[in-house]
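Notes for the structure review
Here is how the chains run, residue by residue.
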Amino acid sequence: MQKKTIDEIIEDISNMEDNQLKNLNEWAIKGEFYEVCQGIKEVLDSRNKKVKT
């Protein structure tokens, strides 16, 4: 299995709904897939910045 970069992960998950991201994050934490967790955090942070502006 090829390891993806944070940017590739963000691209893959950027269109997911927030509840899907939360479920994916729980799965990633259990599996210790920290790159996925970081990607989810960046997507959610980006969405929160858009809402505030």
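Everything discussed here concerns the structure shown above.
Residues numbered from 1 in each chain as written. Predicted model: local features only at pLDDT ≥ 70, side-chain atom pairs only at ≥ 80, totals over all residues. Heavy atoms only, no water.

It is worth spelling out the pattern of salt bridges at this point. Tallying each qualifying case throughout the model produces 4 salt bridges. Residues Lys4 and Asp12 are paired through a salt bridge, measuring 2.2 Å at the closest nitrogen-oxygen approach. Relative accessible area serves as the criterion here: at 45%, Asp12 is assigned to the partly exposed category. Between Arg47 and Asp18 there is a salt bridge whose closest N-O contact spans 2.5 Å. Taken as a pair, Arg47 in helix H3 (residues 34-52) and Asp18 in helix H2 (residues 18-31) lie far apart in primary sequence, 29 residues in all. When its relative accessible area of 37% is taken as the criterion, Asp18 is described as partly exposed. (Salt bridge = Lys/Arg side-chain N within 4 Å of Asp/Glu carboxyl O. Buried < 20%, exposed > 50% of the residue type's maximum accessible area, 1.4 Å probe, protein only. Helix = DSSP H or I, 4+ residues; strand = E, 2+ residues; numbered from the N terminus.)

Quick look at the environment of Lys22 now. With respect to the element layout, Lys22 can be found in helix H2. By relative accessible area, which is 53% here, Lys22 ends up exposed. Spatially, the C-alpha atom of Lys22 lies 14 Å from that of Phe33, the residues being 11 residues apart in sequence.

So, about helix H1 (residues 6-13). What H1 keeps buried is the set Ile9, Ile10 and Ile13. The arc that holds every buried residue of H1, seen down its axis, measures 100°, which confines them to one face. Among the exposed residues of H1, those oriented more than 90 degrees off its buried face are Asp7 and Glu11. (Arc of directions from axis to C-beta.)

Burial of nonpolar side chains together is a common tendency in soluble globular proteins. Listed in full, the 10 residues of the largest apolar core are Ile9, Ile10, Ile13, Leu21, Leu24, Ala28, Val36, Cys37, Ile40 and Val43. Looking at this core, the elements with two or more residues in it are H1, H2 and H3. Sorting elements by how many residues they give to this core places H3 first, with 4 residues. Apart from the residues within four sequence positions on either side, Val36 is in contact with Ile9, Leu24 and Ala28. (Core = buried A, V, L, I, M, F, W, Y, C linked by side-chain atoms within 4.5 Å. Contact = heavy atoms within 4.5 Å.)

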